[in-house]
Amino acid sequence: MPIRAILTDIEGTTSAVSFVFDVLFPYAREHLPAFVRAHAGEAEVAAQLEAVRAESGETEADVERVIEILLGWIAEDRKATPLKALQGMVWEQGYRAGQLKGHVYPDAVAALRRWKSGGYDLYVYSSGSIQAQRLIFGCSEAGDLSPLFSGYFDTTSGPKREAASYARIAEAIGRPAGEILFLSDVVQELDAARAAGMCTCGLAREGGELAGHPAVASFAAIEPAAF
Ligand SMILES: CSCCC(=O)C(=O)COP(=O)(O)O
Ligand SMILES: [Mg+2]
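- The name recorded for the protein chain in an unreviewed UniProt entry is Enolase-phosphatase E1, from Azotobacter chroococcum NCIMB 8003.
- As recorded by UniProt, the Function (unreviewed entry) comment attached to the protein chain reads in full: "Bifunctional enzyme that catalyzes the enolization of 2,3-diketo-5-methylthiopentyl-1-phosphate (DK-MTP-1-P) into the intermediate 2-hydroxy-3-keto-5-methylthiopentenyl-1-phosphate (HK-MTPenyl-1-P), which is then dephosphorylated to form the acireductone 1,2-dihydroxy-3-keto-5-methylthiopentene (DHK-MTPene)."
- The Sequence similarities (unreviewed entry) comment attached to the protein chain in UniProt states, word for word, "Belongs to the HAD-like hydrolase superfamily. MasA/MtnC family."

This is the structure:
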């Protein structure tokens, strides 16, 4: 089955892990408390605070306690959907103020442009919220890359290490999973995508292997027609 669509992870794949850990997470740690205090009464934020209470089991937590829980989740890099939603809102302020610019590897920018011109449909699947995904590509160091993408998926489609999430995404894209090439730096994500029937290619940007999957150090080495 020929590849028709490419689904890519962000952190460690299109973008540096260091950008997420050394720029985005510290920005969220610094600005999230004031953001939550200022917007806790607004429906969109209040719903996420309620989801934090439910996920933590602390159903009576006040706003200050919820902030503490969120800061703990940032420290442990927990891929909790309400944390990711709130981070996206906080980062939006940083991107709009010009304090943040999304990092996307130049080889990823070039390949994504080449693949789009070659007729492939491009999609993103990240634990970062869809809002955060739109921002990293829409406000990137390489300019607005959002016209390249046909859709975005986050943990509302399910966890990245579960095959059912990839089956759901293939369904939403409207293609058989075998026509989709998934790119990631995490072997458990590649395993889950393959279990759902997708083709896979691992990004090992520092070299090394992603057991059981073809692996490359750069998008320049990926030829979708070869899968
Ligand atoms: C969308 S940029 C923010 C990245 C982020 O919050 C994250 O958890 C990265 O997860 P990924 O699935 O892209 O490895
Ligand atoms: Mg990753």
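Anyway, onward from the coordinates.
**Regarding the overall build of the protein chain**
And then number 1: Summing up its helical and strand segments, the protein chain has 8 helices and 6 strands in all.
And then number 2: The order of helices and strands in the protein chain, counted from the N terminus, is β-α-α-α-α-α-β-α-β-α-β-α-β-β.
And then number 3: Here the protein chain has a C-alpha radius of gyration of 18 Å; the compact-globule value for 227 residues is 17 Å, and the two agree.
And then number 4: When its C-alpha atoms are laid out on the principal axes, the protein chain stretches across 55 × 35 × 30 Å.

**Describing the coordination of the magnesium ion (ligand 2)**
And then number 1: Distances from the magnesium ion (ligand 2) to its protein donors, namely Asp9 (OD), Glu11 (O) and Asp185 (OD), fall within the range 2.1 to 2.3 Å.
And then number 2: Mapped onto the sequence, the donors of the magnesium ion (ligand 2) take the spacing D-x1-E-x173-D.

**Brief notes about helix 5 (residues 106–117)**
And then number 1: Taking 1.5 Å per residue as the helical rise, helix 5 with its 12 residues ought to reach 16 Å, and the 17 Å between its terminal C-alpha atoms agrees with that figure.
And then number 2: Of the positions making up helix 5, those classed as buried are Asp107, Ala108, Val109, Ala111, Leu112 and Trp115.
And then number 3: Against strand 1 (5–8), strand 2 (121–125), strand 3 (149–153) and strand 4 (180–184) lie the buried residues of helix 5.

**Let's talk about the site of ligand 1**
And then number 1: Close contacts around ligand 1 come from 14 residues, with Lys79, Lys84, Ser126, Ser127 and Lys160 the closest.
And then number 2: Within the side chain of Asp9, one N or O atom sits 3.0 Å away from an oxygen atom of ligand 1.
And then number 3: Glu11 places a main-chain nitrogen or oxygen 3.0 Å from an oxygen atom of ligand 1.
And then number 4: When ligand 1 is considered free in solution it has 400 Å² of accessible area, and contact with the protein chains removes 98% of it.

**Here we look at the confidence of the model for the protein chain**
And then number 1: The share of residues in the protein chain with pLDDT of 70 or more is 100%, and the mean pLDDT across the chain is 97.
And then number 2: Model confidence for the complex: the whole-complex pTM is 0.95, and ipTM, which rates the interface, is 0.96.

**A word on the side chain of Glu179**
And then number 1: With respect to the secondary-structure elements, Glu179 resides in the loop between helix 7 (163–173) and strand 4.
And then number 2: In contact with Glu179, not counting residues within four places along its chain, are Met1, Pro2, Ile3, Arg4 and Ala5.

**Some details on the nonpolar core**
And then number 1: Membership of the largest hydrophobic core comes to 57 residues, with the highest contact counts inside it found for Leu70 and Trp115.
And then number 2: No other element matches the 9 residues that helix 1 (residues 17–39) contributes to this core.
And then number 3: Viewed by domain, this core spans two of them, domain 1 (5–16 + 103–226) and domain 2 (19–96), each represented by three or more residues.
And then number 4: With residues near it in sequence (within four places) discarded, Leu70 still touches Leu32, Val36, Leu49, Val52, Leu83 and Leu86.

**Looking at the domain arrangement of the protein chain**
And then number 1: By domain assignment, the protein chain separates into domain 1 (5–16 + 103–226) and domain 2 (19–96).
And then number 2: Its C-alpha centre places domain 1 at a distance of 25 Å from the equivalent point of domain 2.
And then number 3: Each partner contributes to the interface: domain 1 provides 13 residues, whereas domain 2 provides 13 residues.
And then number 4: Here domain 1 packs against domain 2, burying approximately 1,200 Å² in sum over the two surfaces, 62% of which is carbon and sulfur.
And then number 5: Of all residues in domain 1, Glu11, Gln131 and Leu135 give up the largest surface area on contact with domain 2, accounting jointly for 38% of the area buried on that side.
And then number 6: The interface formed by domain 1 and domain 2 includes 1 salt bridge.
And then number 7: Residues Lys79 and Glu11 are paired through a salt bridge, measuring 3.7 Å at the closest nitrogen-oxygen approach.
And then number 8: Counting every contact that joins domain 1 to domain 2 gives 6 residue pairs in polar contact (both at pLDDT 80 or more).
And then number 9: Class assignment for the residues of the side of domain 1 that touches domain 2 results in 5 nonpolar, 7 polar and 1 charged.

Thresholds, definitions, all that
- Residues numbered from 1 in each chain as written.
- Chains lettered and ligands numbered in written order.
- Predicted model: local features only at pLDDT ≥ 70, side-chain atom pairs only at ≥ 80, totals over all residues.
- Heavy atoms only, no water.
- UniProt positions renumbered as here; feature names shortened; annotations may be inferred.
- Helix = DSSP H or I, 4+ residues; strand = E, 2+ residues; numbered from the N terminus.
- Rg over C-alpha atoms; globule rule 2.2 N^0.38 Å.
- Donors = N, O, S within 2.8 Å, 3.2 Å for Na, K, Ca; no water.
- Expected span 1.5 Å × (residues − 1).
- Buried < 20%, exposed > 50% of the residue type's maximum accessible area, 1.4 Å probe, protein only.
- Contact = heavy atoms within 4.5 Å.
- Near = heavy atom within 4 Å.
- Polar contact = N/O pair within 3.5 Å; in protein donor to acceptor, adjacent residues only side chain to side chain.
- Areas by Shrake-Rupley, 256 points an atom, 1.4 Å probe, with all protein chains shown as cover.
- pLDDT = per-residue confidence, 0-100.
- Core = buried A, V, L, I, M, F, W, Y, C linked by side-chain atoms within 4.5 Å.
- Domains from an automatic or database assignment.
- Buried area = accessible area lost by both parts, 1.4 Å probe.
- Salt bridge = Lys/Arg side-chain N within 4 Å of Asp/Glu carboxyl O.
- Nonpolar A, V, L, I, M, F, W, Y, C, P; charged D, E, K, R; others polar.

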